[in-house]
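# Reading the structure
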Amino acid sequence: MADVLPDLAELTADAHVVALPMRVRFRGITTREALVLRGPSGWTEFSPFVEYDDTEAAAWLRGSIDFGWTTHEAAADSVPVNATVPAIAPDQVAALLTRYPGCTTAKVKVAEPGTTVDDDVARVAEVRRVMGPTAAVRVDANGLWSVDQATEALERLAPFDLQYAEQPCRTVPELAALRARIDGLGVRIAADESVRKAADPLAVARAGAADVLVVKAQPLGGITAARTVIAEAGLPCVVSSALDTSVGLGMGAFLAAAAMSPGYAAGLGTAAMFASDVTADPLLPVAGRVPVRRVAVSADLLDRNAASPERTAWWLARVARVHAVLAAA
């Protein structure tokens, strides 16, 4: 992180709250709100989900400051990325995958409230059919299954040759219990929320509760802090996004190029899920990869996608409160 916490006036001198329309519902939302701001090193992003409290959001602000107030060198020109398949009907899968040209990995959302395991199996089956037998297919339950539910679901999904199951259960003890129960099934367990939402992001690795860690730059306090977690984890790590604008995806791409385990695709192709962005040159997948670069933000798109005055006031008040949390620490 930058050595000095910028004061609030400096932090918000060029800050803009946007509400980006999404092509499909994801994580229960169809509009993604974010605060983009400019530091001496370039544009950066503060976008913890609205339900997160100020203490949890403080790590996200540390990440924003790390990217905007620190120089990071690109360790590669581009990084491979996965397609992201929301909880859609099987007949929508093929069209959605065309937004991810060249991607040979797909992450498929499962366990969506209001859907069934039958729905999940049908969706994963169609992804496998469309992408073919050599593609890597992951599933992500966002911690919504119990150990029993996860066991049943993964037994049914295992025949589709999963690369891993991301956060099938909520807690570290549940992940450890599930991992032991499905030993021999051939499905690896990846931890996401148990890393980015934990007071100790390495606890899941020490508990033997996961085979892979999913890391996200903002929630872990930025590129610098996330690289430390990756170095200490002793497990393969996949860098992913938190439904960021292309500004935040750039942060993730710098991290992925520097520290992600080879042989995996990063979850940084999610600009394809937005109908608009904050830049005229978004970090969209091309030939299965996204470039490692900072984006040039468009004043026109900031205006066009500006949040309402009420939501703008909410975000500016939020960043002020979270800044106070960091200052007190």
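Residues numbered from 1 in each chain as written. Predicted model: local features only at pLDDT ≥ 70, side-chain atom pairs only at ≥ 80, totals over all residues. Heavy atoms only, no water.

## A short note on helix 5 (residues 147-157)
Note the cut-off: Residue exposure (1.4 Å probe, protein chains only): buried if accessible area is under 20% of the type maximum, exposed if over 50%, otherwise partly exposed. A run of DSSP states H or I qualifies as a helix once it reaches four residues; a run of E qualifies as a strand once it reaches two. Both are numbered from the N-terminal end. Here a residue-residue contact requires only that any non-hydrogen atoms of the pair lie within 4.5 Å.
Residues of helix 5 that are buried include every one of Val-147, Ala-150, Thr-151, Ala-153, Leu-154 and Leu-157, and no others. Residues of helix 5 that are buried in the fold lie against helix 4 (117-131), strand 7 (136-140), strand 8 (162-166), helix 6 (172-181) and strand 9 (189-191).

## Some details on the sheet that holds strand 1 (residues 15-26)
As a general point, the strands of a sheet are linked pairwise by backbone hydrogen bonds and lie either parallel or antiparallel. Note the threshold: Pairs of strands are assigned from DSSP output, requiring at least two bridges between the strands. Think of each axis as a best-fit line through the C-alpha atoms, taken over the contacting stretch in the case of a helix, with angles from 0 to 180 degrees between the N-to-C directions.
Across the sheet, three strands lie side by side as 1-2-3; this open sheet has antiparallel pairing. Pairing within the sheet leaves two strands with one partner each, and these edge strands are strand 1 and strand 3 (42-46). Across the sheet, the axes of successive neighbouring strands diverge by a mean angle of 35°, strand direction being ignored. Bridge count between strand 2 (residues 29-39) and strand 3: five bridges; the pairing is antiparallel. Bridge pairing in strand 3 links Leu-35 to Phe-46. Running over the sheet, helix 12 (residues 309-328) touches strand 1, strand 2 and strand 3 and is turned about 55° from strand 2.

## Structural notes on the packing of aromatic side chains
Aromatic ring pairs are reported here in terms of the distance separating the ring centres and the angle at which the planes meet. Keep this limit in mind: Two aromatic rings, drawn from Phe, Tyr or Trp (for Trp, its six-membered ring), form a pair once their centres lie within 6.5 Å of each other, and the interplanar angle then sorts them: stacked below 30 degrees, edge-to-face above 60, tilted otherwise.
According to the stated counting rule, one finds seven aromatic pairs in the structure shown. Between Phe-46 and Trp-315 the ring centres are 6.1 Å apart and the planes differ by 85°, which places this aromatic pair in the edge-to-face class. Pair noted here: Phe-46 is in strand 3 and Trp-315 is in helix 12, with a separation of 269 residues, a long-range link. Under the relative-accessibility criterion, Phe-46 is labelled buried at 0%. Among the aromatic side chains, those forming a connected cluster through ring pairs are Phe-46, Trp-314 and Trp-315.

## So, the environment of Ala-89
Looking at the element boundaries, Ala-89 is found in the loop between strand 5 (83-85) and helix 3 (93-97). Considering only alpha carbons, one finds Ala-89 and Glu-126, 37 residues apart in sequence, at a separation of 9.4 Å.

## Remarks on the nonpolar core
Our working rule: Among the buried residues, those of types Ala, Val, Leu, Ile, Met, Phe, Trp, Tyr and Cys that are joined through side-chain atoms within 4.5 Å form a nonpolar core.
Phe-46, Val-124, Val-139, Trp-145, Leu-154, Leu-157 and Leu-268 are the most contacted members of the largest nonpolar core, which has 113 residues in total. Ranked by residue count, the leading element in this core is helix 10 (residues 246-259), at nine residues. Residue contacts for Val-139: discarding those within four places in its chain leaves Val-108, Val-110, Val-124, Leu-154, Leu-157, Leu-162, Tyr-164, Ala-165 and Glu-166.

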